[in-house]
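Observations on the three-dimensional arrangement
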Amino acid sequence: KKKKKKKKKKDIMNTKPGKPLLLLSLFFLLMTLGQIGKGQPLARNHGNNNEKQIYLALLLDTSNSMDGLIDQTKSQLWNIVDELANAKQDGVPANLNIALYEYGNDNLSVLSGYVRQVTPFTTDLDEISAQLFALKTNGGSEYCGTVIKHTLSDLTWGDHRDDLKMIFIAGNESFNQGLVSFEGQCSKALNADIQVNTIFCGNYQQGINSLWKKGAELGGGKYLNIDMDQQTVFVATPYDKQIDKLNDALNDTYLAYGSTGRLKKEQQLQEDQNAASYSRSNKVKRAISKSKHVYKNTNWDLVDAQREGQLNLSAIAKEDLPEVMMNMSLSEKQA
């Protein structure tokens, strides 16, 4: 009798081009995090004081050929935020901190190795969105070792053993360009419990030949490849219109204070529009993300700041309060 051949298990890492960037990245993030909770209704959710921390540094090649990469990242930001908001460790929700770097752009300083920290670690997701929409491609010279070095030295990474610390670097040129050794930087990251994940924008084997897989192996992370020119498809649902209206009502619960607050409130509305520029379904994804505990605005919203214990209402000048609160007594403000 002929022996039946065993079916080979599919190598989940040997991903064929054609999958969008952040959906792939998200898949491996969820594998790493393990436990994902159920969704929450569209209302503010502030988590609790025992939150674990996720530190996610996103390093994007903004050289001349990378418009597709930037577009995918902008269009899928709220997908990844929405899913990561459900991440838990031992039943405890995780707080999301995102940092953004660009590299390989000729508009950047040669002295920095064509690297720019767009934003350090922040929980301000509207700011991340705004900065993504402001990125422009040009040039250039892509030095992966250099941008990883900046990420390790410039950012304040968490020091708790349960913190999840990850770098995601995306690009399409050889991983070993520049004077800074990528081997040394990836190994340094691993020694600091920071996982380096690499995303090659092109053919899977070409990425291996260009040392992107080696970078991930040295950094204890995953190697992925994508087709950066594939557009994200948003599927409309019968509930999108209703959730869109609920998003407007949710916005009304934010009480901005001070000159910064007014600007941040305008930014909140602008990022709603940026998300909607792809589709109403994408705006709905953002609305759902805004209802999760990872969406925090303690630096400009009275409700978030008071709830987090970061606000002394009696110390705020009358003219810096929302108009509806200007003539309230202190007890009325705190109610």
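Residues numbered from 1 in each chain as written. Predicted model: local features only at pLDDT ≥ 70, side-chain atom pairs only at ≥ 80, totals over all residues. Heavy atoms only, no water.

Notes on the overall build of the chain
We apply this condition: Runs of E in the DSSP output that reach at least two residues are strands. Runs of H or I that reach at least four are helices, and both are numbered from the N terminus. Remark: exposure states derive from per-residue accessible area (1.4 Å probe, protein chains only) relative to the maximum for the residue type, with buried under 20%, exposed over 50%, and partly exposed in between. Only heavy atoms matter for contacts: two residues are in contact if any of them lie within 4.5 Å across the pair. Only the protein chains shown count as cover for residues, and the accessible areas themselves come from Shrake-Rupley with a 1.4 Å probe.
Check the secondary structure of the chain and you find 12 helices and eight strands. A buried classification covers 52% of the 335 residues belonging to the chain. By sequence separation, contacts in the chain at least 24 residues apart represent 78% of the contacts at least 6 residues apart. For the chain, the accessible surface area stands at approximately 16,700 Å², while carbon and sulfur atoms represent 48% of it.

Observations concerning the pattern of salt bridges
Where charged atoms from two side chains of opposite charge approach closely, those side chains can pair. What counts here: Each salt bridge in this description consists of a side-chain nitrogen of Lys or Arg and a carboxyl oxygen of Asp or Glu lying within 4 Å of one another.
Tallied over the entire structure, the rule returns 12 salt bridges. In this structure, Arg286 engages Asp126 in a salt bridge whose closest nitrogen and oxygen atoms are separated by 2.8 Å. Here Arg286, found in helix 10 (residues 280-290), pairs with Asp126, found in helix 3 (residues 125-134); they are 160 residues apart in sequence, far enough to count as distant. The pair formed by Arg286 and Asp126 is uniform in burial state, with each residue classed as buried. Residues Arg280 and Asp244 are paired through a salt bridge, measuring 3.4 Å at the closest nitrogen-oxygen approach. Residue Arg280 is found in helix 10, and its partner Asp244 is found in helix 8 (residues 240-251); the two are separated by 36 residues along the sequence. You can call Arg280 partly exposed: its relative accessible area is 42%. In this structure Asp244 comes out as buried when scored by relative accessible area, which is 13%. One connected set of salt bridges, linked through shared partners, spans Asp126, Asp272, Arg286 and Lys290.

Notes on the nonpolar core
Stated precisely, the cut-off is as follows: Buried Ala, Val, Leu, Ile, Met, Phe, Trp, Tyr and Cys residues form a nonpolar core when they are joined through side-chain atoms within 4.5 Å.
Membership of the largest hydrophobic core comes to 39 residues, with the highest contact counts inside it found for Ile54, Leu60, Leu69, Val81, Leu96, Leu125 and Leu132. Mapped onto this core, the elements with two or more residues apiece are strand 2 (52-61), helix 2 (67-84), strand 4 (92-103), helix 3, strand 6 (164-171), strand 7 (194-201) and strand 8 (220-226). The element that contributes the greatest number of residues to this core is helix 2, accounting for seven residues. Those residues in contact with Leu132 that sit more than four places away from it in its chain are Leu60, Ile70, Thr73, Lys74, Leu77 and Leu100. With 27 residues, the next largest nonpolar core counts Val147, Ile148, Ile167 and Ile194 among its residues.

Looking at helix 2
Filter applied, for reference: Expected helix span is computed as 1.5 Å times (number of residues minus one).
Given a rise of 1.5 Å per residue, 18 residues ought to cover 26 Å, and the 25 Å separating the end C-alpha atoms of helix 2 matches this to within 8%. Across the 18 residues that make up helix 2, a large majority, 15, are buried.

What about the packing of helix 9 (residues 258-276) against helix 10?
Inclusion rule: The axes used here are C-alpha line fits, helices contributing only the stretch in contact, and every angle between their N-to-C directions lies in the interval 0 to 180 degrees. Note on angle classes: values under 35 degrees are labelled roughly parallel, values over 145 roughly antiparallel, values of 65 to 115 roughly perpendicular, and the remainder oblique. Polar here means any residue other than Ala, Val, Leu, Ile, Met, Phe, Trp, Tyr, Cys and Pro, which are nonpolar, and Asp, Glu, Lys and Arg, which are charged; Gly is therefore polar.
Interaxial distance between helix 9 and helix 10 falls to 7 Å at its minimum, and their mutual angle equals 140°. Relative to helix 10, helix 9 is oriented oblique. Contacts from Gln268, Glu271, Asp272, Ala275 and Ala276 of helix 9 reach helix 10 at Arg280, Asn282, Lys283, Arg286 and Lys290. Broken down by class, the residue content of the contact of helix 9 with helix 10 amounts to two nonpolar, two polar and six charged.

What about unusual backbone geometry?
Glycine aside, residues mostly have negative phi, and peptide bonds are mostly found in the trans state. Non-glycine residue Tyr114 carries a positive phi angle of around 60°. For Tyr114, the position within the fold is in the loop between strand 4 and strand 5 (115-122).

Regarding the packing of aromatic side chains
Selection criterion: Two rings belonging to Phe, Tyr or Trp (six-membered ring only in the last case) form a pair when the distance between their centres is within 6.5 Å. Interplanar angles under 30 degrees mark stacking, angles over 60 mark edge-to-face geometry, and anything in between is tilted.
This model, assessed by the stated rule, comprises 10 aromatic pairs. Here Phe121 and Trp157 contribute two aromatic rings whose centre-to-centre distance is 4.8 Å and whose plane-to-plane angle is 80°, an arrangement assigned as edge-to-face. Within this pair, whereas Phe121 is found in strand 5, its partner Trp157 is found in the loop between helix 4 (144-154) and strand 6, the two being separated by 36 residues in sequence. Residue Trp157 is classed as buried on the basis of its relative accessible area, which comes to 14%. Among the aromatic side chains, those forming a connected cluster through ring pairs are Phe175, Phe182, Phe200 and Trp212.

Examining the confidence of the model for the chain
Operational definition: Every residue carries a pLDDT, the predictor's confidence in it, which falls somewhere between 0 and 100.
Put simply, the chain has an average pLDDT of 84, and 84% of its residues get 70 or more. In the model, residues 33-42 has pLDDT below 50 throughout and makes 28 contacts with residues more than four positions away in sequence or in other chains.

Some remarks on the environment of Ser279
Applied cut-off: Whenever two N or O atoms come within 3.5 Å, that pair is a polar contact, provided that in protein one can donate a hydrogen and the other can accept it, and provided that, for residues adjacent in sequence, both atoms are side-chain atoms.
By secondary structure assignment, the location of Ser279 is in the loop between helix 9 and helix 10. Counting along the chain gives 44 residues from Ser279 to Val235, while the straight-line C-alpha distance between them is 9.1 Å. There is a polar contact of 3.0 Å between the side chain of Ser279 and the backbone nitrogen of Asn282.

Description of the side chain of Thr137
Its place among the elements puts Thr137 in the loop between helix 3 and helix 4. Residue classification places Thr137 among the buried positions, given a relative accessible area of 19%. Only 2.9 Å separates the side chain of Thr137 from the side chain of Asp67, close enough to count as a polar contact. Dropping the residues within four chain positions of it, Thr137 is found in contact with Thr62, Ser63, Asn64, Met66, Asp67, Ile70 and Asn105.

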